[in-house]
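# Working through the structure, step by step
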Amino acid sequence: MDVVVFAKWVPLGTPELGEDRRLVRGRDDGLDAADEFGIELALQLTERDGGEVTVVTMGPEGAAAAIQRALAMGAHRGVLVTDDALAGADALATARVLAAAARRQPFDLVIGGVESSDGYTGTVPSTVAELLDLPSVTFARRVDVADGEIRAERQTAVGYDEVTCALPALVTLTAGATEPRYPSVKGIMQAKSKPLDRLGLADLGLAAGDLAPSQSVRAVEPAPEKPGGEIVEAGEDAIARIADLLAEAKVI
Amino acid sequence: MATVWVVAEFEGSEASGATLELLTAARQIAESVSVVAFGSGGEGLAAAVGSYGATRLVAIGDDTIVGSPRAQAAALAALAKSHGPDAILFPASYEGRDVAGRLQALTGTTLMGNAMGVISADAARTEILGGTQMVDVALEGPTPHIVLVKPRSIEAASSEGGAADVERVVPELPAGLRDATVVARHEETHAGPSLDTAQVVISGGRGLGGPEAFAMLDDLASAIGGAAVGATRAAVDAGWVPYAYQIGQTGKTVTPEVYLAAGVSGALQHIVGMKKSKRIVAINKDPEAPLMKMADLGVIGDVATVVPALTEEIRRRAGS
Ligand SMILES: Cc1cc2nc3c(=O)[nH]c(=O)nc-3n(C[C@H](O)[C@H](O)[C@H](O)COP(=O)(O)OP(=O)(O)OC[C@H]3O[C@@H](n4cnc5c(N)ncnc54)[C@H](O)[C@@H]3O)c2cc1C
Ligand SMILES: Nc1ncnc2c1ncn2[C@@H]1O[C@H](COP(=O)(O)O)[C@@H](O)[C@H]1O
């Protein structure tokens, strides 16, 4: 079984806006933790059933480090799509690039995160699924594959659904769906000799015109800040204060 | 002014709160607001959506389409092509995201996820950096512009409008669409009010130390009455409570009269989901925790002693 995993390169730590009103990148960037769950699932499935894991990242050259980490965890090959025309790419452009990159190799399963830690659009994988003509199971918190079929638990507003879906298909995983492994020293050494393709738009048969950004920031202003209140030490008095506040709010 | 569509979520003849919020926003930016409802029950919404400003209800009364984001997206794309709406608004729910994402692939138009308001059919507003900055984003290029709005970002208000005109549509769908199949549904929430409507929300974080401590929060909730228990993602990821409890960027947004947080640090991603609460109380060992600083009342202490003491005090007051 062959698996393609989308893994994003994101700013870690506290995000900041730059002068250009985009997220500041390149300071403390890394593989999005939201995507490690999918990499782990792909590794478990291929270790059990055979096949290869290809990790696809769209991002600047530095994003190769995200792929290196996935390769060190055990993925077989990486694809980095990097092109000047992709700076500021929006959800549709991202989905078109990821779909084109996925199409370059055979796959049974495509895996993404429910949402990225920096953009959190949360729709890119669904758009990719449609572009690839695939059914999808999104918000999966548990996934297994047997006899050419996915069995998954999909989160819902009130609990979860048990879902089945024939392969090929796309799934998105919630945080905690798997327990991502740490790369071993051996894994880190081996990663260096694994194939990592660097592709531009032309390699994917895409033109910059297909990917023109369709959103621009008109204004940014600080959200109204909530003034802080009072901080008190625990004790009888503090307990009475909480109860008073509840009484003032007329909820007790 | 523009034509705006709202994709409805409903149960029986009741539109969901998120749908009414979208209608409230839509009628402020559009001269004509239509609702699209999937499934045979959709026709029954005419009065409910009309009283929030929709003049037309497009009922796609085909029940096979209900569980299929692919078919819904295909039907919407075909309808959008023939009717030419300027914008289509979705609740940013599980289904909404699936359908909107797929619709974008079919229309090739712009999409904004996680909006918190709409300014026009060509602009929407959201918060970034954990809700510290508000951003107005221009939506450009061909229409329909697709916007997903986070539930409870907008206050729903009725317009006293009459019932919407119903248009029944039988979509022509591409043959052989493969989809996932739901084989069983499970509910994980427990008795008591839901997080969406509770007057008081008590949330537990990693500081509770384990799943057992949530029983302490349940006890406090029942002492208060009308309180719901929620959690941070740290508590959910640790498996202490189900995901349905999660409050924050990737969970629910709550706006209760009182939000009482126990052992919650107040990460940006958590705060976006609760900062519109009327009053905030935090109990934390660490006075420097961000939530302590934004709380109306921060209590420095151990949840294991403060919470039971509070429960007892509330029971004592109720008894006297
Ligand atoms: C893309 C993305 C989306 C996210 N979405 C969400 C979301 O929707 N919701 C969400 O909540 N988080 C979300 N997070 C995670 C968020 O960043 C934080 O990690 C999380 O909110 C922390 O939860 P916590 O406050 O329970 O844990 P911690 O940050 O570990 O805080 C625990 C607190 O408990 C206090 N404490 C410890 N022991 C005690 C005690 N005995 N008595 C009193 N206090 C004690 C500590 O001082 C500390 O302040 C998201 C993160 C990312 C990257
Ligand atoms: N630039 C990217 N490179 C690789 N994967 C991505 C990229 N953007 C989004 N994804 C995938 O899509 C998921 C959801 O992202 P988003 O829709 O941006 O919130 C992520 O968790 C990734 O799996």
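Here the structure is shown first, and the text comes after it.
Quick summary incoming for the structure in this document. Because the structure is predicted, anything quoted here is derived from the model rather than measured.

Time to look at the side chain of His145(B). All names here are of chain B. As for its position among the elements, His 145 is in strand β11 (residues 145–149). On the basis of relative accessible area, His 145 is assigned to the buried category, the value being 1%. Here Pro 142 takes part through its backbone oxygen, which lies 3.4 Å from a polar atom of the side chain of His 145. Residue contacts for His 145: discarding those within four places in its chain leaves Asp 86, Ala 87, Ile 88, Thr 110, Ala 121, Asp 122, Leu 139 and Glu 140.

All names here are of chain A. In terms of burial, strand β7 (residues 136–146) is largely enclosed, as eight of its 11 residues are buried. Here three bridges tie β7 to strand β10 (residues 169–173), and the two strands are oriented parallel to one another. Its bridge partner lying in β10, Ser 136 is registered against Leu 170. Of the strand pairs in this sheet, β7 and strand β8 (residues 149–155) are connected by six bridges, and their pairing is antiparallel. Each residue of the ladder has a partner; that of Val 143, found in β8, is Ala 152. Where β7 folds back on β8, the antiparallel hairpin that results is connected by two residues, among which Asp 147 adopts a positive phi of roughly 50°.

Another point: the site of ligand 2. Residue and element names in this part refer to chain A. Among the 19 residues in the neighbourhood of ligand 2, the closest are listed as Asp 35, Met 58, Gly 113, Ser 116 and Gly 122. Interatomic distance of 3.1 Å between a backbone N/O atom of Phe 6 and an oxygen atom of ligand 2. The backbone of Ser 116 places a nitrogen or oxygen atom 2.8 Å from an oxygen atom of ligand 2. Its free accessible area being 480 Å², ligand 2 has 98% of it covered by the protein chains. In terms of residue count, strand β4 (residues 53–58) provides more of the shell around ligand 2 than any other element does, three residues in total. Class assignment for the residues of the shell around ligand 2 results in eight nonpolar, eight polar and three charged.

What follows covers the packing of aromatic side chains. By the definition in use, this model includes three aromatic pairs over all chains. An angle of 80° between the planes, with centres 4.4 Å apart, marks the rings of Phe139(A) and Tyr94(B) as edge-to-face. Note that Phe139(A) is positioned in strand β7 and Tyr94(B) in helix α4 (residues 94–107), a pairing that runs across two chains. Residue class for Tyr94(B) comes out buried when judged on its relative accessible area of 12%.

With antiparallel pairing, four strands are arranged side by side in an open sheet as β12(A)-β10(B)-β9(B)-β8(B). Looking at strand neighbours, the two that pair on one side only are β12 (215–222) of chain A together with β8 (117–120) of chain B, the edges of this open sheet. Ignoring which end each strand starts from, the neighbouring axes of this sheet average 30° apart. Bridge count between β8(B) and strand β9 (residues 123–128) of chain B: three bridges; the pairing is antiparallel. If you follow Val118(B) over to β9(B), its bridge partner there is Ala124(B).

This brings us to the interface of chain A and chain B. Opposite the 75 residues of chain A that make contact, chain B presents 81 residues. When the two sides are added together, the surface that chain A and chain B hide from each other amounts to roughly 6,900 Å², 56% of it contributed by carbon and sulfur. Counting the surface chain A buries against chain B, the share from its top three residues, Tyr120(A), Glu130(A) and Lys226(A), is 10%. Across the contact surface, chain A and chain B share eight salt bridges. Residue Arg102(B) is joined to Glu130(A) by a salt bridge in which the shortest nitrogen-to-oxygen separation is 2.8 Å. Viewed at the interface, chain B and chain A are joined by 38 residue pairs in polar contact (both at pLDDT 80 or more). Sorting the residues of the side of chain A that touches chain B by element identifies α3 (91–102), α4 (124–131), β7, β8, β9 (159–166), β12, β13 (230–233) and α6 (236–248) of chain A as the ones contributing at least two each. Residue composition of the side of chain A that touches chain B, by class: 42 nonpolar, 16 polar and 17 charged. Where β12(A) meets strand β10 (residues 133–139) of chain B, seven bridges bridge the pair, whose relative direction is antiparallel. Counterpart to Glu221(A) in the pairing with β10(B) is Met134(B).

Rules used in this analysis
- Residues numbered from 1 in each chain as written.
- Chains lettered and ligands numbered in written order.
- Predicted model: local features only at pLDDT ≥ 70, side-chain atom pairs only at ≥ 80, totals over all residues.
- Heavy atoms only, no water.
- Helix = DSSP H or I, 4+ residues; strand = E, 2+ residues; numbered from the N terminus.
- Buried < 20%, exposed > 50% of the residue type's maximum accessible area, 1.4 Å probe, protein only.
- Polar contact = N/O pair within 3.5 Å; in protein donor to acceptor, adjacent residues only side chain to side chain.
- Contact = heavy atoms within 4.5 Å.
- Pairing = 2+ DSSP bridges.
- Near = heavy atom within 4 Å.
- Areas by Shrake-Rupley, 256 points an atom, 1.4 Å probe, with all protein chains shown as cover.
- Nonpolar A, V, L, I, M, F, W, Y, C, P; charged D, E, K, R; others polar.
- Phe/Tyr/Trp six-rings, centres within 6.5 Å; stacked < 30°, edge-to-face > 60°.
- Axes fitted to C-alpha atoms, helices over the stretch in contact; angles between N-to-C directions.
- Buried area = accessible area lost by both parts, 1.4 Å probe.
- Salt bridge = Lys/Arg side-chain N within 4 Å of Asp/Glu carboxyl O.

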